[in-house]
Structures are given as C-alpha cells and as structure tokens.
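Listed below are the residues making up each chain.
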Amino acid sequence: MRFFLALLAAATLASSASAQDAAASYPNRPIHIIVCVPAGGGVDTVTRIIANGLQEKLGQPVVVENRSGAAGNIGAEAVFTSEPDGYTLLAAQPSPLTVNPLLYKKMAFDPTQFEPVAIMTTVANVLLVRPDFPAKTAQEFIAYAKANPGKINYASQGIGTTSHLTAALFEEVTGTKLVHVPYKGTAPALNDLIAGHVDMIFMELASALKLHQAGKARILAVATTKRIPNLPDIPTLDEAGVKGFESGTWNAIAAPPKTPAAIVAKLNAAVNDVLKSKDVQDKFAKRNLHAAGGTPAEAAAFIKKETQTWGGVIKEAHVPAH
C-alpha cells in the first residue's frame, strides 16, 4: 500500500510540475479563438479587435475562427472538447454560456464547466425597426402592436440569444404578440431588416447606431432606465411606459474546462491590458461599447447572475425548449 501511495504522490507531483512548466512557457505557439457567430456580428468585431492586441501582448499569432450555429452551441462545443492548454478559446455572446441548457433538450457541453477568462465588452440593447415602419416612437410601436397582434415580426440572432429573449420579455410585460424570425447571427438579421423583410429587432446599440444614423433603420428607444449620455435624443423604453425595462448584451472570452489557473490568469492579464489601451478604447467608444475587463472570478459571477436573470425570462415568457 505504501508503495502504491508513493507512486500516486510521485505521479501527482510530476503532473503538477508539468502543468507549471506549461503555464510558465505559455504561449509558445499560435492561439485560436473560436467565435460562435458568423463574421460581422458584434462578438466577432470585438474579438478581432481584442485578438490584434493579444497578438502584440503575447508575442504569438492569435487566429480568429467563426463556427456558428445552434445559438452558439456548435462553436462552444468545439472549445469545450479541446485540450485545456490555453491554445483554443471561446469568444461568445451570452446564450451559449448562460441559457442554452434551458432551451436545448440535448447539448454536448456544460457551460458551467468553462473557465471564464474575462468579460470583454457590455452594451445596451435598442428597439430597432425597419426604416419605413409606421410607428415613429416606442409608444406608437406598442400601440400598433396591441392593435395588430401577430402581425409584427421580429428578427433575432437565433433562438436563445439576447435579441430573442429581450423580445420575449417585451411581449410579456407589454401584453403584445409578435412573430419570431430567428437568424444565424447578426449580419443576416440586419440585412433582412434593412431590406424590409422583417419589422424590428432588439439589437445591441453598437450594431444599430450606424444603421440609424445612415437612415437604413430607426432606433425607437434604448432598453435602459436612463438615457445614454452621448445619445441624449434617443428616449428609453422606461420613458415609453415600460417601467424598469432593461436589457443589454455582452461578449466574453472563456477557456475549456480544467485549463490551468495560471494560464487563465495570464490570459486575463493580457486581455485586461488590451482593454485598457487607448487604441482599443477609442475603437470601442466609436461603437458605443463599454470595455469591461476584471478578474476571472468576477467574470464567473457576472455570467452566473446573467444565467439567473435570463433563465427567469425563459420561464416567465414560456419560451419552449427544442
């Protein structure tokens, strides 16, 4: 028995030493970040900005790859089953890290087992309509929706995404009935909105503002309780009578389960350094994005809280699993 215990102790020490060596030399080859939405979406844009900065900080190529589908599940699964060595990472919007277990009957990964690295950005959502939609204000939109139940269709980035759940919550609290048209990501949803094939979408401000300013779509309200300081002319849904209505989205970066804490810490420090750089802050400011950052523990707590919030919306709005 003593012999076997000695062997076990030696193996444990060897494994620990090997992990320490790997962390000390990390990274010594290219890092791949899998983005679980198509190119052109909010998290894709944010990730590519961060990746450029990480490349400089870490001294290794950082390759961004898009693997979309199933509200982010395809990309998340690919990272979940990757080696926990810090060379394959996940960049995701909320759904694959929070509510997808409540929406999909079968999933090949457990989002609670990922190792959160950092929250990259946060941003408010807005009520965005096609340019020729008859309602010109949020109050008019709600009145129109109540007078025409089931006749307004709304786009989303996919089932279980923040755009979908925000609309579901909006229906619940306003007593309206809308028709859901899910897309595979932000870009195709916005393309159809601009073309007039769908009526509206709840979309992050960063993606919506340029369309609003160009006259290709119209922001009726922001999903906040206070107006955004640099957009003082755009009212809130709270002002439109939807009291206390708040919705935002965020983009996180995470590592596979059991990635060594030392590697997660090194990645977290690099991401925070990138987020603090003036160049990145300027790029985010132009897109009305808030650079988040913080520790891995803070990221994990934030994701847990978001899971509880949107899980409650799913139950209250009776969003079915599929």
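Everything discussed here concerns the structure shown above.
This one's a predicted model, so the numbers in the text were calculated from it and none came from an experiment.

Draft legend 1. Highlighting the overall build of the protein. Scanning the protein from N- to C-terminus turns up 12 helices and 10 strands. On the principal axes, the C-alpha backbone points of the protein span a range of 80 × 45 × 30 Å. Put simply, the protein has 322 residues, and 52% of those count as buried. Counting contacts in the protein only where the partners sit at least 6 residues apart, residues at least 24 apart contribute 76% of the total. Just so you have it, the protein exposes about 14600 Å², and 56% of that area is on carbon and sulfur atoms. Positive and negative charge centroids in the protein, built from 29 and 26 side chains respectively, lie 1 Å apart.

Draft legend 2. Examining unusual backbone geometry more closely. The step from Tyr-26 to Pro-27 runs through a cis peptide bond, and the omega angle for that step is -10 degrees. Following the sequence through the fold, Pro-27 ends up in the loop between helix 1 (2–25) and strand 1 (31–35). With a phi angle near 60 degrees, Asn-288 is a residue other than glycine that sits in the positive phi range. A residue is classified by how much of its surface remains accessible, and Asn-288, at 15% relative accessible area, is buried.

Draft legend 3. Geometry of the pattern of salt bridges. Under the definition given, this model contains 9 salt bridges. Where Arg-48 meets Asp-44, a salt bridge forms, and the shortest distance between an N and an O atom there is 3.0 Å. Here Asp-44 and Arg-48 lie together in helix 2 (residues 42–58), a separation of 4 residues that amounts to about one turn. Taking the relative accessible area as the measure of exposure, Arg-48 reaches 33% and is therefore partly exposed. Put simply, Arg-130, Asp-132 and Asp-199 are held in one network by salt bridges that share partners.

Draft legend 4. Layout of the packing of helix 10 (residues 261–276) against helix 11 (residues 278–286). Axis separation between helix 10 and helix 11 bottoms out at 5 Å; the angle between their running directions is 65 degrees. What the angle tells us is that helix 10 and helix 11 run roughly perpendicular. Packed against helix 10, whose contacting residues are Val-274, Leu-275 and Lys-276, the element helix 11 presents Lys-278, Val-280, Gln-281 and Phe-284 at the interface. Among the residues forming the contact of helix 10 with helix 11, the class breakdown is 4 nonpolar, 1 polar and 2 charged.

Draft legend 5. Layout of the side chain of Asn-251. Looking at the secondary structure, you find Asn-251 in strand 9 (residues 248–255). In this structure, Asn-251 is in contact with Gly-42, Val-43, Val-46, Ala-92, Gln-93, Ile-119, Met-120 and Thr-121, ignoring residues within four places of it in sequence.

Draft legend 6. The arrangement of the packing of aromatic side chains in detail. According to the stated counting rule, one finds 11 aromatic pairs in the structure shown. Feature note: the residues Phe-133, Phe-141, Tyr-144, Phe-170, Phe-202 and Phe-245 constitute an aromatic cluster, connected by ring pairs. The ring of Tyr-87 carries Arg-29 above its face, with NZ or CZ at 3.7 Å from the centroid.

Draft legend 7. Just the nonpolar core, in detail. Grouped together as the largest cluster of nonpolar side chains are 57 residues, with contacts concentrated most on Leu-54, Leu-128 and Phe-284. Apart from residues no more than four positions distant in its own chain, Leu-128 is found in contact with Leu-190, Leu-193, Asp-199, Met-200, Ile-201, Ala-208, Leu-211, Ala-217, Arg-218 and Ile-219. With 22 residues, the next largest nonpolar core counts Phe-133, Ala-135, Ala-223 and Leu-237 among its residues.

Draft legend 8. Representation of the pairing of strand 5 (residues 153–156). As defined by bridge partners, strand 5 adjoins strand 6 (residues 179–182) across 4 bridges and the pair is classed as parallel. Bridging from a neighbouring strand, Tyr-154 pairs with His-180 of strand 6. Between strand 5 and its parallel partner strand 6, the chain crosses via helix 7 (residues 162–174), and the hand of that crossover is right-handed. Pairing geometry for strand 5 and strand 7 (residues 200–204), over 2 bridges, is parallel. Counterpart to Ala-155 in the pairing with strand 7 is Ile-201.

Draft legend 9. Expanded view of the packing of helix 2 against helix 11. Running from N to C, helix 2 and helix 11 point in directions that differ by 165 degrees, and their axes come no closer than 10 Å. When the axis of helix 2 is compared with that of helix 11, the two are roughly antiparallel. Of the two possible hands of crossing, helix 2 and helix 11 adopt the one that is right-handed. Counted together, Val-46, Ile-49 and Ile-50 of helix 2 and Val-280, Lys-283 and Phe-284 of helix 11 form the full contact between these two elements. Of the residues belonging to the contact of helix 2 with helix 11, the class tally is 5 nonpolar, no polar and 1 charged.

Draft legend 10. Structural context of helix 10. In this model helix 10 runs 22 Å from its N-terminal to its C-terminal C-alpha over 16 residues, within 8% of the 22 Å that 1.5 Å per residue would give. Along helix 10, the residues classified as buried are Ile-263, Val-264, Leu-267, Asn-268, Ala-270, Val-271, Asn-272, Val-274 and Leu-275.

Draft legend 11. Main features of the pairing of strand 1. Of all 5 residues making up strand 1, 4 are buried, and the element is well covered by its neighbours. Pairing geometry for strand 1 and strand 2 (residues 62–66), over 5 bridges, is parallel. By the bridge assignment, His-32 is partnered in strand 2 with Val-63. With respect to chirality, the unit in which strand 1 leads through helix 2 into the neighbouring parallel strand 2 is right-handed. Here strand 1 pairs with strand 3 (residues 88–92) via 4 bridges, running parallel. What sits directly across from His-32, in strand 3, is Thr-88.

Definitions and limits used
- Residues numbered from 1 in each chain as written.
- Predicted model: local features only at pLDDT ≥ 70, side-chain atom pairs only at ≥ 80, totals over all residues.
- Heavy atoms only, no water.
- Helix = DSSP H or I, 4+ residues; strand = E, 2+ residues; numbered from the N terminus.
- Buried < 20%, exposed > 50% of the residue type's maximum accessible area, 1.4 Å probe, protein only.
- Contact = heavy atoms within 4.5 Å.
- Areas by Shrake-Rupley, 256 points an atom, 1.4 Å probe, with all protein chains shown as cover.
- Lys, Arg positive; Asp, Glu negative; His and termini not counted.
- Charge placed at Lys NZ, Arg CZ, Asp CG, Glu CD.
- Salt bridge = Lys/Arg side-chain N within 4 Å of Asp/Glu carboxyl O.
- Axes fitted to C-alpha atoms, helices over the stretch in contact; angles between N-to-C directions.
- Parallel < 35°, antiparallel > 145°, perpendicular 65-115°, else oblique.
- Nonpolar A, V, L, I, M, F, W, Y, C, P; charged D, E, K, R; others polar.
- Phe/Tyr/Trp six-rings, centres within 6.5 Å; stacked < 30°, edge-to-face > 60°.
- Lys NZ or Arg CZ within 6 Å of the ring centre and 35° of its normal.
- Core = buried A, V, L, I, M, F, W, Y, C linked by side-chain atoms within 4.5 Å.
- Pairing = 2+ DSSP bridges.
- Right-handed = clockwise from strand over helix to strand, strands pointing away.
- Left-handed = near helix turned anticlockwise from the far one by under 90°.
- Expected span 1.5 Å × (residues − 1).

Scope: geometric values only; no functional claims are made or implied.
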